[in-house]
Amino acid sequence: MSALICTLISLIIATPAMAHQEEAHGSGLPWTFDPWIVLPVAIPAALYCVGAVRLAWRRKRPGTMLIRALMYSSGMLTLAGALFSPLHWLGEHLFTFHMIEHEIVMAVSAPLIVFARPVGVILWGLPGAARRVVGSMMCSPLIRGPWEWCTSATNATIIHGVAIWAWHVPILFDAVVTDTALHRLQHLSFFVTAILFWWAIAWRSDYGASAWYLFVTMIHTSVLGALMALAPRVLYVAQTQTATAWGLTPLEDQQLAGMIMWVPAGTIYAAAAMTMLALWIRSSSEREAQDA
């Protein structure tokens, strides 16, 4: 773990100089402004701001929304940081940073947004007529039925797990690196299925079940990370082909990426599982005390 941290710090420190060598135009690390990614992030953020102001004005108690607003803002900022900042550009050149980008989207941004429960506030950001139409559509059986099915804990865990494993099949992951449309689809798949998973964990399950599904996700993502980290040869040829320009061999780049999924990301799921387990024990103790 210490070797992993030291290597990442060295890479981060060295990236400005390396980027300057690789980029013929300008200096520093470029930001990414793909409208197909920027707009789906910017529009809900703008609607949330408008909705929050309207609700605060109507309720005359803006302080009650502060915690959720901070969580949503943190989730959207980390999402934007992963997809727009130089981290995204670095991820196109090093598997290690690509993995960091994905883990931020799935294990940091998604749970923050889910725990903020932003849907109601976003609806209030719409004009009155549009708000009523969208609200009615969301309550219709055509939307409510699939949503309820996808956010059941078992289904959401399987859907999210399938997305993670499928996109990490080497031939498909390498195709993502060379195809912009597939890259967008990969990011969308990771984010949407992570939203389903964390929504099931936060709002559709009791504490004990949530701890179990978090533990299952930690196990299978750790196994996938270990397979990448311990593989004796390079599995992701296209993704690691520029690693030598950054002071790493392709195999070392793949190993670091696997370690990111195995240890830091696994720690997030483990911490969330332990939190849910602690809450389950506390709630059980409180019920026993009330029954006594």
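In case you missed it, the structure is sitting above this.
About the cut-offs
- Residues numbered from 1 in each chain as written.
- Predicted model: local features only at pLDDT ≥ 70, side-chain atom pairs only at ≥ 80, totals over all residues.
- Heavy atoms only, no water.
- Helix = DSSP H or I, 4+ residues; strand = E, 2+ residues; numbered from the N terminus.
- Buried < 20%, exposed > 50% of the residue type's maximum accessible area, 1.4 Å probe, protein only.
- Contact = heavy atoms within 4.5 Å.
- Expected span 1.5 Å × (residues − 1).
- Polar contact = N/O pair within 3.5 Å; in protein donor to acceptor, adjacent residues only side chain to side chain.
- Core = buried A, V, L, I, M, F, W, Y, C linked by side-chain atoms within 4.5 Å.
- Lys, Arg positive; Asp, Glu negative; His and termini not counted.
- Salt bridge = Lys/Arg side-chain N within 4 Å of Asp/Glu carboxyl O.
- Phe/Tyr/Trp six-rings, centres within 6.5 Å; stacked < 30°, edge-to-face > 60°.
- Lys NZ or Arg CZ within 6 Å of the ring centre and 35° of its normal.
- Axes fitted to C-alpha atoms, helices over the stretch in contact; angles between N-to-C directions.
- Parallel < 35°, antiparallel > 145°, perpendicular 65-115°, else oblique.
- Left-handed = near helix turned anticlockwise from the far one by under 90°.
- Nonpolar A, V, L, I, M, F, W, Y, C, P; charged D, E, K, R; others polar.
- Patch = residues over 30% accessible without salt bridge, like charges linked within 9 Å, V, L, I, M, F, W, Y side chains within 5 Å.
- Areas by Shrake-Rupley, 256 points an atom, 1.4 Å probe, with all protein chains shown as cover.

Caption draft 1: Just the overall build of the protein, in detail. When helices and strands are tallied, the protein shows 14 helices and zero strands. Of all 292 residues assigned to the protein, the portion counted as buried reaches 43%. Put simply, of all contacts in the protein between residues at least 6 apart along the chain, 77% involve residues at least 24 apart.

Caption draft 2: Spatial organisation of helix H12 (residues 207-230). For H12, which comprises 24 residues, the first-to-last C-alpha distance of 34 Å matches the rise-based estimate of 34 Å (1.5 Å per residue) to within 8%. Its side-chain oxygen at 3.1 Å from the backbone nitrogen of Gly-208, Asp-206 defines the N-terminal cap of H12.

Caption draft 3: Structural context of the environment of Ser-210. With respect to the secondary-structure elements, Ser-210 resides in helix H12. Distance from Ser-210 to Trp-198, taken between C-alpha atoms, is 9.2 Å for residues 12 residues apart in sequence. Leaving out residues up to four positions away in the same chain, Ser-210 has contacts with Ile-201, Ser-205 and Met-276. Within polar-contact distance, the side chain of Ser-210 engages the backbone oxygen of Ile-201 at 2.7 Å.

Caption draft 4: Main features of the side chain of Asp-34. Looking at the element boundaries, Asp-34 is found in the loop between helix H1 (2-22) and helix H2 (35-59). At 2.8 Å, the side chain of Asp-34 and the side chain of Arg-184 are in polar contact. What Asp-34 contacts, discounting residues up to four positions off in sequence, is Thr-180 and Arg-184.

Caption draft 5: Summary view of the nonpolar core. In this structure, Trp-198, Leu-214 and Tyr-269 are the most contacted members of the largest nonpolar core, which totals 56 residues. By size, the runner-up hydrophobic cluster in this structure holds nine residues, among which are Leu-87, Trp-89, Phe-97 and Leu-256.

Caption draft 6: Representation of unusual backbone geometry within the structure. A positive phi is found at Arg-117, a non-glycine position, where the angle reads about 50 degrees. Locating Arg-117 in the fold gives a position in the loop between helix H5 (95-116) and helix H6 (119-124).

Caption draft 7: Structural context of the side chain of Glu-103. With respect to the secondary-structure elements, Glu-103 resides in helix H5. No salt bridge forms around the buried Glu-103; measuring N to O, its nearest opposite-charge neighbour Arg-233 is 21 Å away.

Caption draft 8: Region of the structure containing the pattern of salt bridges. Counting across every chain of the model gives three salt bridges. In this structure, the salt-bridge partner of Asp-34 is Arg-184, at a minimum N-O distance of 2.8 Å. Separated by 150 residues along the polypeptide, Asp-34 in the loop between H1 and H2 and Arg-184 in helix H11 (residues 180-203) bring together distant segments of the chain. Among the residues examined, Asp-34 registers a relative accessible area of 14% and is labelled buried. On the basis of relative accessible area, Arg-184 is assigned to the partly exposed category, the value being 29%. Across the pair Arg-204 and Glu-148 runs a salt bridge whose closest N-O atoms are separated by 3.2 Å. Taken together, the residues Arg-204 in the loop between H11 and H12 and Glu-148 in helix H8 (residues 141-150) connect sequence positions 56 residues apart. Salt bridges linked by common partners bring Arg-144, Glu-148 and Arg-204 together as one network.

Caption draft 9: A look at the packing of aromatic side chains. This model, assessed by the stated rule, comprises 12 aromatic pairs. Between Trp-212 and Phe-215, the aromatic rings sit 6.4 Å apart at their centres with planes inclined by 35 degrees, giving tilted as the arrangement. One end of the pair, Trp-212, and the other, Phe-215, are both in helix H12, three residues apart, so they sit about a helical turn from each other. When its relative accessible area of 52% is taken as the criterion, Trp-212 is described as exposed. The class for Phe-215 is partly exposed, based on a relative accessible area of 39%. Joined through ring pairs, the aromatic side chains of Phe-115, Trp-147, Trp-199 and Trp-203 make up one cluster. Cation over ring: Arg-117 sits above Trp-203, and NZ or CZ is 4.2 Å from the ring centre.

Caption draft 10: Focus on the packing of H5 against helix H13 (residues 250-262). H13 packs onto H5 with a crossing angle of 20 degrees between their chain directions and a minimal axis gap of 7 Å. Regarding the angle of H5 to H13, the classification is roughly parallel. In terms of crossing hand, the pair formed by H5 and H13 is right-handed. Counted together, Phe-95, Thr-96, Met-99, Ile-100 and Glu-103 of H5 and Asp-253, Gln-254, Leu-256, Ala-257, Ile-260 and Met-261 of H13 form the full contact between these two elements. The class makeup of the residues in the contact of H5 with H13 is seven nonpolar, two polar and two charged.

Caption draft 11: Inspection of a nonpolar patch on the surface at higher detail. A cluster of nonpolar side chains, namely Val-119, Val-133, Met-137, Met-138, Leu-142 and Ile-143, defines an oily patch on the protein surface of about 550 Å² accessible area. Of all elements in the fold, only helix H7 (128-139) and H8 reach the threshold of two or more residues within the nonpolar patch. Broken down by element, the nonpolar patch gets its largest block of residues, three residues, from H7. Tracing the chain through its elements places Met-137 in helix H7.

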